[in-house]
Amino acid sequence: MGAPGAGKGTQARLLQERLGLPQISTGDMLRALRDAEDIHTTQASGKLISDDVVIAVVRERTSQPDCQNGYVLDGFPRTLAQAQMLEGLSAEQAKPILPILVAVPIDILEKRASGRRNCPVCGEIYNIYFKPPRNDETCDHHPGVKLFQRADDSVEKIRVRLETYNRETAPLIDYYSASGRLFRVDGRRDPEGIYEDIEAIVRDSVAPSVSTN
Ligand code: AMP
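The following paragraphs examine the structure supplied in this document.

Calculation notes
Residues numbered from 1 in each chain as written. Predicted model: local features only at pLDDT ≥ 70, side-chain atom pairs only at ≥ 80, totals over all residues. Heavy atoms only, no water. Helix = DSSP H or I, 4+ residues; strand = E, 2+ residues; numbered from the N terminus. Rg over C-alpha atoms; globule rule 2.2 N^0.38 Å. Buried < 20%, exposed > 50% of the residue type's maximum accessible area, 1.4 Å probe, protein only. Contact = heavy atoms within 4.5 Å. Near = heavy atom within 4 Å. Polar contact = N/O pair within 3.5 Å; in protein donor to acceptor, adjacent residues only side chain to side chain. Areas by Shrake-Rupley, 256 points an atom, 1.4 Å probe, with all protein chains shown as cover. Salt bridge = Lys/Arg side-chain N within 4 Å of Asp/Glu carboxyl O. Arc of directions from axis to C-beta. Core = buried A, V, L, I, M, F, W, Y, C linked by side-chain atoms within 4.5 Å.

Structural notes on the overall build of the protein
- When its secondary structure is counted, the protein shows nine helices and six strands.
- Relative to a compact globule of 213 residues, whose C-alpha radius of gyration would be 17 Å, the protein shows 17 Å and is just as compact.
- Here the protein holds 213 residues, and 45% of them are scored as buried.
- If you take every contact in the protein between residues at least 6 apart in sequence, the share linking residues at least 24 apart comes to 66%.

What follows is the structure, encoded as structure tokens:
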């Protein structure tokens, strides 16, 4: 969990690369849906997609065989209804929920989100202020492939997303703290420092079946 620009996607990608846990980004999955103009318009506006749609996507994706040993939910749950659905899924799948908050102060968030650029081929996340690509606006792993900026990463849309986050998603921090499950990591550091903390939390908390080679 974390506000827009906190670094959830970067961390989820590292967990996938290094621990083999599939990254399930509801934002990416919704953006990739075909014939879903309404959904894409809502995404570009910075508002949330309806719980029913997102829940169906998560239920279907997490039932795939690669999720058997666990998975990383990136950007889900974002509402109390989604958190409640996840409790049910956790019981059905016999998997504990490990809520991790990447905590970043609001003044840093705007700059992080507005500087973000993504590779359309591999999904690598760059930042023109903090992690620029080696060559102007192209992917380090895919020479010549131009990076793009998400429609909702403009300063104006980021403000809407932060408001949405504070209203709908921030209450989940209390929800998970109240049951003593929330882990909080300091997201102001560089990605490797944040990752170290997250990997330690995952290693200490979950199944030995997770490979840490
Ligand atoms: P993200 O890629 O996580 O920043 O999500 C981008 C956008 O996708 C959000 O602003 C929402 O419009 C939509 N979205 C992603 N995850 C969810 C979710 N769990 N619930 C509702 N909308 C979502």
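Details of the site of the ligand
- Around the ligand lies a shell of 16 residues, among which Thr26, Gln43, Lys47, Gln82 and Arg150 are the nearest.
- Between the ligand and Ile49 there is a distance of 3.1 Å, counted from a nitrogen atom to a backbone nitrogen or oxygen.
- In the model, an oxygen atom of the ligand is placed 2.9 Å from a nitrogen or oxygen of the Arg150 side chain.
- Bound to the protein, the ligand loses 96% of the 480 Å² it would expose on its own.
- With four residues, the top contributor of residues to the shell around the ligand is helix H2 (residues 26-32).

Looking at the pattern of salt bridges
- One pass over the structure, following the stated rule, counts 17 salt bridges.
- For Asp153, the salt bridge goes to Arg116, with nearest N and O atoms at 2.9 Å. One end of the pair, Asp153, is in the loop between strand E5 (125-127) and helix H7 (155-169); the other, Arg116, is in strand E4 (residues 116-118), with 37 residues separating them in the sequence. Arg116 matches Asp153 in its accessibility class, with the two residues each being buried.
- Between Asp140 and Arg134 there is a salt bridge, with its nearest N and O atoms 3.9 Å apart.
- What makes Asp140 partly exposed here is its relative accessible area of 22%.

Concerning helix H8 (residues 171-178)
- All of the buried residues along H8 are Leu172, Ile173 and Tyr176. Down the axis of H8, the buried set is contained in an arc of 110°. They therefore lie on one face. Away from its buried face by more than 90 degrees, H8 exposes Asp174 and Ala178.
- Taken together, the buried residues of H8 touch helix H5 (80-93), strand E3 (100-103), H7 and strand E6 (183-186).
- Remark: Gly180 follows H8 within two positions and exhibits a positive phi of approximately 70°.

Observations regarding the nonpolar core
- Grouped together as the largest cluster of nonpolar side chains are 45 residues, with contacts concentrated most on Leu15, Phe76, Val102, Tyr176, Val185, Ile198 and Val202.
- Contributions of two or more residues to this core are made by helix H1 (8-19), helix H4 (51-62), H5, E3, helix H6 (106-114), H7, H8 and helix H9 (191-205).

Overview of unusual backbone geometry
- The step from Phe76 to Pro77 runs through a cis peptide bond, and the omega angle for that step is 0°.
- Locating Pro77 in the fold gives a position in the loop between strand E2 (72-74) and H5.
- Backbone geometry places Ala94, a non-glycine residue, at a positive phi of 55°.
- Position of Ala94 among the secondary structure elements: in the loop between H5 and E3.
- The phi dihedral of Glu137 falls on the positive side, at around 60°, and the residue is not glycine.
- By the element assignment, Glu137 lies in the loop between E5 and H7.

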